Amino acid sequence: MIAPTATILDLAAGAGRHALFFAERGHRVTAVDRDLGRLPDHPGIERLQADLENGSPWPLGTRRFGAAVVTNYLHRPLMASLLSAVEPGGVLLYETFMEGNERFGKPSRPAFLLKDGELLELVRGAYSVTAYEARQMSEPRPAMVQRIAARRLR
Ligand SMILES: C[S@@+](CC[C@H](N)C(=O)[O-])C[C@H]1O[C@@H](n2cnc3c(N)ncnc32)[C@H](O)[C@@H]1O
């Protein structure tokens, strides 16, 4: 569902498991995180160090990507910029913890947990939903997770 030539944004990329996945398949990836220390060096990965929560402007300006991937990270003030950073026809892949996860441990603060249906609400009207799940996972450890794959309409 992601075009072979698509550029990829990996937001809060961490150790770069998704950045590397896409770079190894020939995509140009931009990996953003405040800490790039665990991000592997790869010629296909552009490294962008940025604190996404300190009130600075969105670090990617008006750049658009063929796909954006965000996992295990939530900072709601970024959502509008994230949705705009995917080009029309491009794909958003988002997976993170949701309410109910507090009974398994962290994250447990409401600010870090999606509300029921929140990813669906987020993309409504602007994206076509390809897949959506909200459920308890058992691997790699018990957790309540919400995930969406959606294509930008316009
Ligand atoms: C749980 S890790 C997830 C990493 C990766 N997405 C994954 O799933 O493997 C969360 C990431 O968010 C990054 N992060 C947390 N707060 C941040 C901030 N204020 N600005 C930028 N990155 C931040 C952390 O450095 C960390 O790499």
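Criteria and cut-off values
- Residues numbered from 1 in each chain as written.
- Predicted model: local features only at pLDDT ≥ 70, side-chain atom pairs only at ≥ 80, totals over all residues.
- Heavy atoms only, no water.
- Helix = DSSP H or I, 4+ residues; strand = E, 2+ residues; numbered from the N terminus.
- Buried < 20%, exposed > 50% of the residue type's maximum accessible area, 1.4 Å probe, protein only.
- 1 Å grid on protein atoms, 1.4 Å probe; cavity = no way out; pocket = protein on both sides within 12 Å on 5 of 7 lines; lining within 4 Å.
- Points joined across faces, edges and corners; volume = space filled by probe spheres on them.
- Salt bridge = Lys/Arg side-chain N within 4 Å of Asp/Glu carboxyl O.

Explain unusual backbone geometry to me, and be specific about the residues and the numbers.
The step from lysine 106 to proline 107 runs through a cis peptide bond, and the omega angle for that step is -5°. Residue position: proline 107 is located in the loop between strand E5 (86-97) and helix H3 (118-123). Here glutamate 139 and proline 140 are connected by a cis peptide whose omega angle stands at 0°. With respect to the helices and strands, the residue proline 140 is situated in the loop between strand E6 (127-137) and strand E7 (143-152). The phi dihedral of alanine 12 is positive, around 60°, even though this residue is not glycine. Along the polypeptide, alanine 12 turns up in the loop between strand E1 (8-11) and helix H1 (17-23). We note that asparagine 72 has phi near 55°; this positive angle belongs to a residue other than glycine. Summarising the element assignment, asparagine 72 is placed in the loop between strand E4 (65-71) and helix H2 (79-84). The class for asparagine 72 is partly exposed, based on a relative accessible area of 42%.

Explain the layout of surface pockets residue by residue, including any values.
Roughly 570 Å³ of volume is contained in the largest pocket. In terms of lining residues, the largest pocket is bounded by 24 residues, among which Ala12, Asp33, Thr71, Asn72 and Tyr73 are the most central. Of all elements in the fold, only H1 and E5 reach the threshold of two or more residues within the lining of the largest pocket.

So what about the pattern of salt bridges? Which residues, and what values?
Scanning the model with the defined rule gives seven salt bridges in all. A salt bridge links arginine 124 to glutamate 121, with the shortest nitrogen-to-oxygen separation between them at 2.8 Å. The exposure class assigned to arginine 124 is exposed, which follows from its relative accessible area of 57%. Two residues, glutamate 133 and arginine 147, come together in a salt bridge whose shortest N-O distance is 2.7 Å. Within this pair, whereas glutamate 133 is found in strand E6, its partner arginine 147 is found in strand E7, the two being separated by 14 residues in sequence. The exposure class of glutamate 133 is partly exposed, given its relative accessible area of 27%. Look at arginine 147 and you get partly exposed, because its relative accessible area is 26%. Here the salt bridges do not stand alone but share partners, grouping Glu95, Glu133, Arg135 and Arg147 into one network.

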